[in-house]
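Commentary on secondary and tertiary structure
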Amino acid sequence: MAASSFPSQNGGGAARPRPKMAAQRGAMAAEGPSSLLALSAAAVSRSMAALEPDVWALPGHLLRGLLPLLSVFRLERAEAAARRAGLSTQPVWRKLWDDVMKTRPPNSENITCWRKKFLETFFSNVLHGVLDVSSDWRLNDRHFSPLLHSSPHVTQLTLCNMLQGAVELAAEHNQKVLENLASSLRILKFQHLLSSDQSIRRSLVLLLHRLIHHGSVSQVSVYSWPVPDTVLLVLILSMSAGFWRSGNALAYHSSPCGLCREEGNNESQKSTREQPEREWSGGENLKGSCRALKEADVQAEVNGRGAGPGQNSGQLSPERPLQNQACEEASSKVSCDHTIVQGGSSRPCCSEQLSCRPVLRKSRRRLKSAVGKKRRCLRRSRGPCADLDDLFDFVFTVAREDNSGLLDKNSITDGENTGNWTSSSTGSLCSGNAGCKKRGGSAGIFSMKAAHRFRSVSTLELFSIPLTGDTCRTLSNLLSSWVSLENLVLSYNGLGANIFCILSGLRALSRHPDCHLHVVRVSDVFSHMPCMELVRCILSAFPQLHTLSVSFDLKNQLEGNGPEENPSCSDAEIPESCLEQLEIRFPREHLHTTLLLPVLKASKSLQQLSLDSATLPSSQELGLLLQALKECNPSLKKLSFHDVNLADHQKEVLLLLQDPILQEITFSFCRLFESCTTEFLTEIINTVKRNSSLKSLRLPGNRLGNHRLVALADIFSEDSSSSLCQLDVSSNCIKPDGLLEFTKKLEGHIQQRGGRIQFTHLRLFQNWLDQDAETAQEALRRLKAVCSVVNDSWDSSQAFADYISVM
């Protein structure tokens, strides 16, 4: 064909045009005989380097045929021209995904932009070496730099194993890639990490400093780390919280970080304008910043004597690196603390230039001997890798000080003493457990003088990472001033008694006027104490929470029950809270409404309540709970019960379905129809028909069966005033013939109502629809004409026969 005579101008080398032309001809051949328009489009696609400006001006019907023939580089550049012509590139990117990735992405029905999805996944695959760009001609363009051109589209990145990706991104030839990521990346994940050497840690330091401190990352998540490297984990945590050392650790390719230097110079110029009478010394990039730090420290020591808790640190902002305020906050907690850290670091943050005022000399003399020993030891260890050692010294300074008795109680300012950080008027949270007493109970104090305060993330998630006592104390110290943190997720970390160290940090954080924390989720295998006690402890420590989730699999029989060890938790009065969503997963514990009642009374704004795996010790407990919800929580919109046996609580179930406020009710695996009579089913249907406020009814795993499903169709009958939009009947032993009968009955009711029905969603996961594929397909086809149906291709032959009673 004539198309083969067109010269290639893709610049890909002499051997590359032939495979590209062959692939294009193959694509066109698969679509049938080539038209003149298709041949012209193929020729133009091979000459885009010269024709690109003219191509973007083509009318839409010509551009449409050209888009599938472009390389990734040209297709990405065609986006603006396609929009002007009224075209969408989404089908082209979707096909590119299918051809290159050869997998179906999870939740593909929710993907709104296939361009972003492809380029983001492409970036990750190339970075980790799992995708060869020579595998497809559309990826092989001499103008196309895989990491550079796809990085602006990356909002989520996962680093794993030996952090090879971090090393590559921190390399000098990828500086522009890192700059793009600093603007685009929002979520940074670490998964399956292994121990690493100091050179890899140094690369990670540079990466985190650029992406978090000078970037846009708002969430850091760490997953699946069975034996965590303590130094590496603490590095990630401390830099996520916005803390890091100045000096060599922030040097980028043997020179100071340009952004830090620029900010230091700006601080210097600003301070010069405000205080022209002071003398400034020059000659170093960061000297102006250090001078400003010194003045902030001295002023903070003067003001800190009369300041209350959090008063000096209230000006901290997570949006920019406020080094002065960070040191000011630290100086309001520990007098002359920079002297302590000076001895434990190879290059302290201006500590050699700082001087203590006369009022601080007493505490300084007490620390002098031990500090001198630390300084002498660490000076011998200075070297090119000393900064990673500084990290370990920095984050464990408090633990060592407490253990060796260096921290003098008189050096802590009034209002910020250890008792105030770990206790309140309701009693000390850590006073009764060994996890926090081991180090003197000072988990809430974090020595920050050797660190600059940079921008920090707003979400921290730790999944399946064992946290030791030292790591929990470090995390508590970081939490105590992490004012930008909005979401904290601790999942399967083996906290045990160390949960009280975390609570200590949260209590300190709650006193900051700029605190933004609204969501806390804690889950683990074993519970150290009864769930309700832990809920009360957390709410009493942090009443500002909007969402609280506490989940445990098993009760720890070895630890005791908790209230005896920590009586302050059960006796503490819960202040009025801002709680809107409460989720509790009990490790097969009794649900005692008397313990839940104080939480409900304090949570007037509660909108969602979820109770999972609780046992009801008596028939009166559920009734008491419903009465409490009616009296204390008038704003409750969503109520969920999961794995709670409600077979003998039919009266209470009907009362819930009558509630005029609830909009969503979930009875999940509650054995609701285990001993159900025809009268009870009829009452349920009639109750839902009369309730115009209920929008969603979820009944998965309740042994519904075919005949009860068909009966539920009467909810939408002509005489119904129901506003039900969503119905979930997953895992209910529904067979194809029963689903088809339900569909026919539903169609009849819709016809009687003139097509007016609010029912929009039906969920059918894990039902026995594979037993008669033809009948199931007919039922689903007819249902999809009425509402949106969500189901799966579940293999019922693999299911356990625990629903045999409804067969």
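Let me sum up the structure you'll find in this document.

Definitions and limits used
Residues numbered from 1 in each chain as written. Predicted model: local features only at pLDDT ≥ 70, side-chain atom pairs only at ≥ 80, totals over all residues. Heavy atoms only, no water. Helix = DSSP H or I, 4+ residues; strand = E, 2+ residues; numbered from the N terminus. Buried < 20%, exposed > 50% of the residue type's maximum accessible area, 1.4 Å probe, protein only. Contact = heavy atoms within 4.5 Å. Areas by Shrake-Rupley, 256 points an atom, 1.4 Å probe, with all protein chains shown as cover. Right-handed = clockwise from strand over helix to strand, strands pointing away. Pairing = 2+ DSSP bridges. Expected span 1.5 Å × (residues − 1). Phe/Tyr/Trp six-rings, centres within 6.5 Å; stacked < 30°, edge-to-face > 60°. Patch = residues over 30% accessible without salt bridge, like charges linked within 9 Å, V, L, I, M, F, W, Y side chains within 5 Å. Salt bridge = Lys/Arg side-chain N within 4 Å of Asp/Glu carboxyl O. Core = buried A, V, L, I, M, F, W, Y, C linked by side-chain atoms within 4.5 Å. Axes fitted to C-alpha atoms, helices over the stretch in contact; angles between N-to-C directions. Parallel < 35°, antiparallel > 145°, perpendicular 65-115°, else oblique. Left-handed = near helix turned anticlockwise from the far one by under 90°. Nonpolar A, V, L, I, M, F, W, Y, C, P; charged D, E, K, R; others polar. Lys, Arg positive; Asp, Glu negative; His and termini not counted. Charge placed at Lys NZ, Arg CZ, Asp CG, Glu CD. Polar contact = N/O pair within 3.5 Å; in protein donor to acceptor, adjacent residues only side chain to side chain.

1. Thoughts on the overall build of the chain
When helices and strands are counted, the chain shows 33 helices and 19 strands. Within the chain, buried positions represent 56% of all 807 residues. Partitioning the intrachain contacts of the chain with sequence separation of at least 6 by distance along the chain shows that 83% fall at a separation of at least 24. Accessible surface computed for the chain: about 34500 Å², of which carbon and sulfur atoms make up 49%.

2. So, the pairing of strand β9 (residues 487-491)
Most of β9 sits out of view: 4 of its 5 residues are buried. As a crossover connection, the stretch from strand β8 (residues 459-463) through helix α23 (residues 469-479) into β9 is right-handed. As paired elements, β9 and strand β10 (residues 519-527) share 5 bridges and run parallel to each other. In the strand pairing of β10, Leu488 is matched with Val520. Viewed along the sheet, the connection from β9 through helix α24 (residues 499-510) into β10 turns out right-handed.

3. With respect to helix α8 (residues 114-127)
For α8, with 14 residues, the first-to-last C-alpha span of 20 Å sits near the 20 Å given by 1.5 Å per residue. Most of α8 sits inside the fold, with 11 of its 14 residues counted as buried. Turning to α8, its buried residues are Trp114, Arg115, Phe118, Leu119, Glu120, Thr121, Phe122, Phe123, Asn125, Val126 and Leu127. Where α8 ends, the next residue or the one after it, Gly129, has phi of about 75 degrees, a positive value.

4. Focus on unusual backbone geometry
Positive phi is not limited to glycine here, since Ser224 has a value of about 50 degrees. Inspection of the secondary structure assignment puts Ser224 in the loop between β3 (219-223) and α13 (230-240). Of note in this structure, Arg703 is not a glycine but carries a positive phi near 60 degrees. Tracing the backbone through its elements, the reader meets Arg703 in the loop between β16 (696-698) and α31 (705-712). Of the residues examined, Arg703 reaches a relative accessible area of 18% and is grouped as buried.

5. Looking at the packing of aromatic side chains
What describes a pair of aromatic rings is the distance from one ring centre to the other and the angle between the planes of the rings. Enumeration over the complete set of coordinates arrives at 7 aromatic pairs. Aromatic side chains Phe118 and Phe122 sit 5.9 Å apart centroid to centroid with 15 degrees between the ring planes, which places their arrangement in the stacked category. A residue pair is termed a helical-turn pair when its members lie 3 or 4 positions apart in one helix, as Phe118 and Phe122 do in helix α8 at 4 residues. As far as the burial class goes, Phe118 and Phe122 line up, both buried. In this structure an aromatic cluster arises from ring pairing among Trp93, Phe118, Phe122 and Phe144.

6. Some thoughts on α23
Counted residue by residue, α23 has 10 buried out of 11 residues, so it is predominantly covered. Of the positions making up α23, those classed as buried are Gly469, Thr471, Cys472, Arg473, Thr474, Leu475, Ser476, Asn477, Leu478 and Leu479.

7. Notes on a nonpolar patch on the surface
Nonpolar side chains collect at one region of the surface, where Tyr492, Val525, Phe526 and Leu554 lie side by side and expose about 330 Å² of accessible area between them. The class for Phe526 is partly exposed, based on a relative accessible area of 45%.

8. Here's the deal with the nonpolar core
One finds Phe118, Phe190, Phe641 and Phe667 to be the most contacted residues of the largest nonpolar core, which totals 182 residues. If we skip the residues at most four places from it in the chain, Phe667 touches Phe641, Leu646, Val653, Leu656, Leu657, Leu672, Arg698, Leu699, Pro700 and Asn702.

9. Quick word on the pairing of strand β14 (residues 638-642)
Judged from the 5 bridges that link them, strand β13 (residues 608-612) and β14 form a sheet pairing that is parallel. Within the sheet, the bridge partner assigned to Leu611 lies in β14 and is Phe641. Handedness of the crossover is the feature at issue here: the chain leaves β13, passes through helix α28 (residues 619-632), returns alongside β14, and the resulting connection is right-handed. Two strands pair when backbone bridges link them, and β14 and strand β15 (residues 664-668) are joined in this way by 5 bridges, in the parallel orientation. Residue pairing in the sheet places Leu639 in a bridge with Ile665 of β15. Regarding topology, helix α29 (residues 650-658) serves as the crossover connection from β14 to the parallel β15, and that connection is right-handed.

10. Focus on the pattern of salt bridges
On inspection of all chains with the given rule, the structure shows 23 salt bridges. A salt bridge links Arg74 to Glu52, with the shortest nitrogen-to-oxygen separation between them at 2.3 Å. One end of the pair, Arg74, is in helix α5 (residues 72-77); the other, Glu52, is in helix α3 (residues 48-55), with 22 residues separating them in the sequence. When its relative accessible area of 8% is taken as the criterion, Arg74 is described as buried.

11. Notes on the packing of helix α12 (residues 198-213) against α13
Contact geometry for α12 and α13: axes closest at 10 Å, N-to-C directions at 15 degrees. Comparing the axis directions of α12 and α13 gives the class roughly parallel. Between α12 and α13 lies a crossing whose hand is right-handed. Contact residues: α12 offers Arg201, Leu204, Val205, Leu208, His209, Ile212 and His213, while α13 offers Val231, Leu232, Leu235, Ile236, Met239 and Ser240. Looking at the contact of α12 with α13 residue by residue, the classes come out as 9 nonpolar, 3 polar and 1 charged.

12. Remarks on a negative patch on the surface
A cluster of acidic residues, Asp737, Glu741, Asp772 and Glu774, forms a negative patch at the surface. Among the structural elements, Asp737 can be located in helix α32 (residues 736-752).

13. Brief notes about the environment of Ser203
Checked against the element boundaries, Ser203 lands in helix α12. C-alpha of Ser203 to C-alpha of Ala166: the two residues are 37 residues apart in sequence and 6.3 Å apart in space. Discounting chain neighbours no more than four positions away, the residues touching Ser203 are Ala166, Val167 and Ala170.

14. Points about the side chain of Asn493
Secondary-structure assignment places Asn493 in the loop between β9 and α24. You can call Asn493 buried: its relative accessible area is 1%. Polar contacts involving the side chain of Asn493 include one to the main-chain carbonyl oxygen of Ile465, which spans 3.0 Å. Polar contacts involving the side chain of Asn493 include one to the main-chain amide nitrogen of Ser491, which spans 3.0 Å. Once residues lying within four places of it in the same chain are set aside, the contact partners of Asn493 are Leu462, Phe463, Ser464, Ile465, Pro466, Leu467, Ser523 and Asp524.

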